[in-house]
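Residue strings, one per chain:
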Amino acid sequence: MSERDYPQDGAVSPQDGTRAGEADVSRETGAAAFRVRTAADLADYAEVIADEATPLARATENTILARQASQARPPMPRPSATRVMVVANQKGGVGKTTSTVNLAVGLAQLGQRVLVVDLDPQGNASTALSVEHFQGTPGTYELLVEDVALNDVVRPCPEVPMVEVVPATIDLAGAEIELVSVVAREGRLKKALLGSGRVGDASIGEERWDYVLIDCPPSLGLLTLNALVAGAEMLIPIQAEYYALEGLGQLLKTVDMVRAHLNPELAVSTILITMYDARTRLAAGVAEEVRGHFGDQVLKTFIPRSVRVSEAPSYGQTVMTYDPGSPGALSYLEAAREIARKGTDA
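## Here's the deal with the packing of aromatic side chains
The tally for this structure, following the rule as stated, stands at two aromatic pairs. Between Tyr 315 and Tyr 322 the ring centres are 5.0 Å apart and the planes differ by 20°, which places this aromatic pair in the stacked class. Classification of Tyr 315 by relative accessible area gives exposed; the value is 53%.

## Notes on the sheet that holds strand β4 (residues 163–166)
Sheet architecture is open: seven strands sit in the order β3-β4-β2-β5-β1-β6-β7, paired in mixed fashion. In this open sheet, the two edge strands, each paired with only one partner strand, are β3 (155–156) and β7 (267–274). Pairing between β3 and β4: two bridges, direction antiparallel. When the bridges of β4 are listed, Arg 155 appears paired with Val 165.

## Quick word on the layout of surface pockets
Counted as a void, the largest pocket has a volume near 470 Å³. Along the walls of the largest pocket sit 31 residues, with Gly 95, Thr 97, Thr 98, Met 275 and Val 309 positioned nearest its centre. Where the lining of the largest pocket is concerned, the elements lending two or more residues are α5 (96–109), α6 (124–128) and α14 (307–311). Examining the composition of the lining of the largest pocket, we find that five residues originate from one element, α5, more than from any other.

## Brief notes about the pairing of strand β6 (residues 233–239)
Of all seven residues in β6, seven are buried; the element is thus mostly enclosed. Burial of β6 is two-sided: the residues Glu 233, Leu 235, Pro 237 and Gln 239 facing one way and the residues Met 234, Ile 236 and Ile 238 facing the other way are all buried. Bridge analysis of strand β1 (residues 83–87) against β6 gives three bridges, and the strand direction is parallel. Of the residues in β6, the one forming a bridge with Val 86 is Met 234. Alignment of β6 against β7, held across seven bridges, turns out to be parallel. Within β7, the residue paired with Pro 237 across the bridge is Leu 272.

## Let's talk about helix α10 (residues 222–230)
Buried residues dominate α10, accounting for eight of its nine residues. Regarding α10, the residues found buried are Leu 222, Leu 223, Thr 224, Asn 226, Ala 227, Leu 228, Val 229 and Ala 230.

## Concerning the confidence of the model for the chain
Averaged over every residue, the pLDDT of the chain is 83; the share at 70 or more is 78%. When mean pLDDT is compared element by element in the chain, strand β5 (residues 211–215) scores highest at 98, while helix α1 (residues 23–29) scores lowest at 44. Under a pLDDT of 50 for its full length, residues 1–34 has, in the predicted model, 36 contacts with residues more than four places off or in other chains.

## A short note on α5
In this model, α5 (14 residues) spans 20 Å end to end at C-alpha, consistent with the 20 Å of a helix rising 1.5 Å per residue. Among the 14 residues that make up α5, 13 are buried, leaving the element largely enclosed by the rest of the structure. Looking one or two residues past α5, Gly 111 carries a phi angle of roughly 90°, positive in sign.

## As for unusual backbone geometry
Positive phi is not limited to glycine here, since Asp 147 has a value of about 60°. Position of Asp 147 among the secondary structure elements: in the loop between α7 (140–145) and β3. The phi angle at Ala 184 is positive, at roughly 55°, despite the residue not being glycine.

## Some remarks on the environment of Lys 91
If you trace the backbone, Lys 91 turns up in the loop between β1 and α5. Sequence-wise, Lys 91 and Gln 239 are 148 residues apart; in three dimensions their C-alpha atoms are separated by 9.6 Å. In this structure Lys 91 touches Lys 96, Pro 218, Gln 239, Tyr 243 and Ala 244, once residues within four positions along its chain are discounted.

The rules behind these values
Residues numbered from 1 in each chain as written. Predicted model: local features only at pLDDT ≥ 70, side-chain atom pairs only at ≥ 80, totals over all residues. Heavy atoms only, no water. Phe/Tyr/Trp six-rings, centres within 6.5 Å; stacked < 30°, edge-to-face > 60°. Buried < 20%, exposed > 50% of the residue type's maximum accessible area, 1.4 Å probe, protein only. Pairing = 2+ DSSP bridges. Helix = DSSP H or I, 4+ residues; strand = E, 2+ residues; numbered from the N terminus. 1 Å grid on protein atoms, 1.4 Å probe; cavity = no way out; pocket = protein on both sides within 12 Å on 5 of 7 lines; lining within 4 Å. Points joined across faces, edges and corners; volume = space filled by probe spheres on them. pLDDT = per-residue confidence, 0-100. Contact = heavy atoms within 4.5 Å. Expected span 1.5 Å × (residues − 1).

Take a look at the structure:
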């Protein structure tokens, strides 16, 4: 505090609580002259010590404003038919599940009805969307192995009314072995989606799903194969590091094989760059290389590295509801807007 900020004669001193005119007397008489500051004294000095907005208060205010804005956001046009999108990459840790759940909530905030199918036995997508997935909970295992109807295993997301989830339990880990001897095992998810009565064009009615996002495990096994047969579009999250590019070639070969023998409609429609660090040349180099190969399939929005994105699942939320004003949440919202815009332009 500079000299001009000290209180004038008669004001309360922030150091010892005495008025400026009493300072000498207090020093001379010592403890005998000690006087407790009263509410009136503090009121006199309020303008000097007032702190109108702490960083925490500003952050809270921004979060509240972001939540209010998401509720008042005008809806985007719904696609002419349900878009079934497979979120896959056999490399782990590139943001598949994180992108699936946050894009789902982002699309819902834009007025779309979304179904998330959790095909990963770890059940992380179910965790992030606050849907129970303890062992024995009806979910994707019952859907694929026991022929339970899709509508009987769908659960609403408590945080976002427009999002529904088919949860995954640890039982799903054995599904690939159990499906080996089943006829047409690679088409069971597609059969379940088509039999739900909520996947199709506008003639189905208002309750149809606009988007079905299928979260795949980090492998190219039978579960991922079921997803590739069921979907018409593929969304590939790619971490902005060169290791993430190494397995991309094998993934694309698998897509070509599925397209040639099982699902000719499958197309890689969307590439999403995740964990982008704008401070490094490496991230920019990877993004440039991916865009040079895939062109317009790469979304213009990159998802930045964000602690908030990583924190959100520990609270059973996505970053879209945990901290809607954070850079990660705003980036996922813009990515969802790009996806929705492509669907309506097509």
